[in-house]
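The chain contents come next:
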Amino acid sequence: MRILIADDEKALLNFLERGLRAEGYDCVCANQLHDVTVLVQKHQPDVVILDRLFGDEDSLGILADLRRKAPQVMILLLTALDEVSDRVAGLKQGADDYLCKPFDFEELLARITSLARRKGGNVPPEQSALVIEQLRIDRENRLAFVHDEELLLTKIEFDLLLYFAENQGKVLSRERILNRVWGSQSDPLTNIVDVYISRLRQKIDAPHGESLIQTLRGNGYRMRTGA
């Protein structure tokens, strides 16, 4: 699926491009509002993620033109304007969905999926405890155990471990981890993710055994499945 990302914040634009490419999407980027319509016609994306404000320019002004030239495209507006009237204005002008900044990358992915399929299934109820081999996580009480021995985890370490466990078997990009666990929408240009994953491995893995958290070079990390 092809996504056009249009935002005048270069740090956010780059972050979203890397994160969405890591999720398997084909991405095209625009940093200027006047480029959006041209790129939509040229690349025919399935979804346009469009920032509401480009400096003093309001992107609502190009929605009608986008609809005329690419009626099949689905438009998701990103904006710091969170008043109901702002959301209504965007939807009335032709946007399909609206997401307020700052947003969670997981929610952005869910909105993209929803737009792509236009219908959703039932979400299974969340279990209180997760058990993965020697690891047991108690969500409700924010506790983790290995072979029934409680682990001493910081808040960040627990959040990171829970995120991996809830997405067992799924490849998680560095950008996605940063957004979900640290709430960052830009790359801090440090190896903070690697440092925390190394800490977790020291606490949850048996000596000399295969790590529960695998590194997939160039793609991210994954909590492995199976014994």
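In case you missed it, the structure is sitting above this.
Below is a summary of the structure that appears in this document. (Residues numbered from 1 in each chain as written. Predicted model: local features only at pLDDT ≥ 70, side-chain atom pairs only at ≥ 80, totals over all residues. Heavy atoms only, no water.)

1. Observations concerning helix α2 (residues 36-43)
Put simply, the rule is: A simple rule labels every residue: compare its accessible area, found with a 1.4 Å probe on the protein chains alone, to the largest value its type can have, and call it buried under 20%, exposed over 50%, or partly exposed in between. Secondary structure elements follow DSSP: runs of H or I no shorter than four residues count as helices, runs of E no shorter than two count as strands, and numbering proceeds from the N terminus. By definition, the arc is the one covered by directions from the helix axis to the C-beta atoms. Residue contacts are counted whenever heavy atoms from the two residues lie within 4.5 Å of one another.
Within the span of α2, buried status applies to V36, T37, L39 and V40. Looking straight down α2, one finds its buried side chains confined to an arc of 165 degrees; they lie on one side. Exposed residues pointing more than 90 degrees away from the buried face of α2 are listed as V38 and K42. The inward-facing, buried residues of α2 abut β1 (2-6), β2 (26-30), β3 (47-51) and α3 (60-69). Q44, located one to two residues past α2, shows a positive phi value of around 50 degrees.

2. A word on the nonpolar core
As a rule of thumb, soluble globular proteins bury nonpolar side chains together. For clarity, the threshold we go by: Residues belong to one nonpolar core when they are buried, are Ala, Val, Leu, Ile, Met, Phe, Trp, Tyr or Cys, and are joined through side-chain atoms within 4.5 Å.
L135, I137, F164 and I177 are the most contacted members of the largest nonpolar core, which has 28 residues in total. For this core, the secondary structure elements donating two or more residues are β8 (129-132), β9 (135-138), β10 (143-146), α6 (155-166), α7 (174-182), α8 (192-204) and β13 (220-223). It is α6 that contributes the most residues to this core, eight residues altogether. With residues near it in sequence (within four places) discarded, I177 still touches L160, Y163, F164, L172, W182, V193 and Y221.

3. Let's talk about the environment of V88
Along the chain, the position of V88 falls in helix α4 (residues 84-93). V88 gets classed as partly exposed once you look at its relative accessible area, which sits at 37%.

4. Concerning the sheet that holds β2
Let me state the cut-off plainly: Strands pair, by our definition, only if DSSP identifies at least two bridges between them. Between the N-to-C directions of two axes lies an angle of 0 to 180 degrees, each axis being a line fitted to C-alpha atoms and, for a helix, fitted only over the stretch in contact.
Spatial ordering of the open sheet is given by β2-β1-β3-β6-β7, a layout of five strands whose pairing is parallel. Looking at which strands have only one partner, the edges of the open sheet turn out to be β2 and β7 (97-100). Going across the sheet, the axis of each strand differs from the next one's by a mean of 20 degrees, ignoring polarity. Relative to β3, β1 runs parallel, the two sharing four bridges. Counterpart to I5 in the pairing with β3 is I49. Across the face of the sheet, α3 comes into contact with β3 and β6 (74-79) while running at roughly 170 degrees to β6.

5. Brief notes about the pairing of β3
Along β3, five of the five residues are buried, which leaves the element largely enclosed by surrounding structure. Residue alternation in β3 divides its side chains into two sets, V47, I49 and D51 and V48 and L50, and both sets are buried. Bridge count for β3 against β6 is five bridges, and the pairing is parallel. Its bridge partner lying in β6, L50 is registered against L77.

6. Focus: the environment of L60
With respect to the helices, strands and loops of the structure, L60 is situated in helix α3. On the basis of relative accessible area, L60 is assigned to the buried category, the value being 11%. Once the C-alpha coordinates of L60 and T37 are considered, the two residues, 23 residues apart in sequence, prove to be 12 Å apart. Once residues within four sequence positions are removed from consideration, L60 is found in contact with R52, L77, A89, G90 and Q93.

7. Some words on the packing of aromatic side chains
Heads up, the condition is: Note on aromatic pairs: the rings of Phe, Tyr and Trp (six-membered ring only in Trp) are paired at centre separations within 6.5 Å, and the planes decide the class, stacked below 30 degrees, edge-to-face beyond 60, tilted for the rest. Counted as over-ring charges are cases with an Arg CZ or a Lys NZ within 6 Å of the ring centre that also lie within 35 degrees of the ring normal.
What the rule picks out here adds up to two aromatic pairs. Summarising the aromatic geometry, the rings of F15 and F105 are spaced 6.2 Å apart at their centres and angled 75 degrees between planes, so their arrangement reads as edge-to-face. Taken together, the residues span a long stretch of sequence, with F15 in helix α1 (residues 10-22) and F105 in helix α5 (residues 105-117) at a distance of 90 residues. Of the two residues examined, F15 and F105, each falls in the buried class. Centre to centre, the rings of W182 and Y196 are 5.3 Å apart; their planes meet at 75 degrees, and the pair counts as edge-to-face. Remark: Y196 occurs in helix α8 and W182 occurs in helix α7; sequence separation between them is 14 residues. Given the relative accessible area of 24%, W182 is considered partly exposed. Using a relative accessible area of 17% as the deciding quantity, one classes Y196 as buried. Directly above the aromatic system of F145 lies the positively charged group of R136, at a separation of 4.2 Å from the ring centroid.

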